[in-house]
Amino acid sequence: MSPFRLLYGKKCHLPVEIEHKAYWAIKQINLSMSLTGETRKLQMSELEELRLEAYDNAVLYKKRTRKIHDAKIRKKEFWVGQMVLLYNSRFKMMAGKLRSKWSGPFVIKEIFSNGSIEVYDHNGVDTFMVNGHRLKPYLELAEVEKEKEECQLLDPVYE
């Protein structure tokens, strides 16, 4: 037993011993430079494979997400002569909370294959092209009332 252990109750680690053990560990790890180089090349190729696999998984995730999103989009069908409302994209600059986002009604004059639609107002004076995504069908009051269903409620029976 050393005097240090008698005095402090634990083993004494001198810096020389620690340095010797660290040198021994490094010597064991780096046994040969060629073997270390091969190990490093193997680690780099594994890292590249992991990156490629992560990229493939990201592409697959994006495809699935796009498919789910596209399935929720409803197709709008328009025809010439139909009355539509136009979404006012400059709504943010206008004053007033209660101002409608939709302007119109407009009448469809022509439909193009690229999704753009030519519309004109009731006067037939102003014609302009708009994107089909900015339009929605205009339902007149008479059409809305036709679609309403009547339901009669019975008086509750008390026992």
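Residues numbered from 1 in each chain as written. Predicted model: local features only at pLDDT ≥ 70, side-chain atom pairs only at ≥ 80, totals over all residues. Heavy atoms only, no water.

Asks: What should I look at first to understand the overall build of the chain in this one?
Replies: Helix and strand counts for the chain stand at 4 helices and 5 strands. Helices and strands appear in the chain in the N-to-C order α-α-α-β-β-β-β-β-α. Scored against the burial criterion, the 159 residues of the chain give a buried share of 13%. Restricting to contacts in the chain with at least 6 residues of sequence separation, those with at least 24 account for 41%. For the chain, the accessible surface area stands at approximately 15,200 Å², while carbon and sulfur atoms represent 58% of it. (Helix = DSSP H or I, 4+ residues; strand = E, 2+ residues; numbered from the N terminus. Buried < 20%, exposed > 50% of the residue type's maximum accessible area, 1.4 Å probe, protein only. Contact = heavy atoms within 4.5 Å. Areas by Shrake-Rupley, 256 points an atom, 1.4 Å probe, with all protein chains shown as cover.)

Asks: Sorry if this is basic, but what is going on with the nonpolar core here?
Replies: It is characteristic of soluble globular proteins that their nonpolar side chains tend to be buried jointly. Counting residues in each nonpolar core, the largest one holds 9 residues, listed as Phe78, Val84, Leu86, Phe106, Ile108, Ile117, Val119, Val130 and Leu135. At the level of secondary structure, the elements contributing two or more residues to this core comprise β1 (83-87), β2 (102-111) and β3 (116-120). For Leu135, the residues in contact, after removing those within four places along its chain, are Lys76, Phe78, Val84, Leu85, Leu86, Trp102, Ile117, Val119 and Val130. (Core = buried A, V, L, I, M, F, W, Y, C linked by side-chain atoms within 4.5 Å.)

Asks: How should the sheet that holds β1 be read in this particular structure?
Replies: Note: strands within a sheet are paired through backbone hydrogen bonds, in either parallel or antiparallel orientation. The strand order across the open sheet built from 5 strands is β4-β3-β2-β1-β5, with neighbouring strands paired in antiparallel fashion. Each end of this open sheet is capped by a strand with a single partner; those strands are β4 (127-131) and β5 (135-137). Averaged over neighbouring strand pairs, the angle between their axes works out to 50° when direction is ignored. In the sheet, β1 pairs with β2 via 4 bridges, with the strands oriented antiparallel. When the sheet's bridge partners are listed, Met83 is paired in β2 with Val107. (Pairing = 2+ DSSP bridges. Axes fitted to C-alpha atoms, helices over the stretch in contact; angles between N-to-C directions.)

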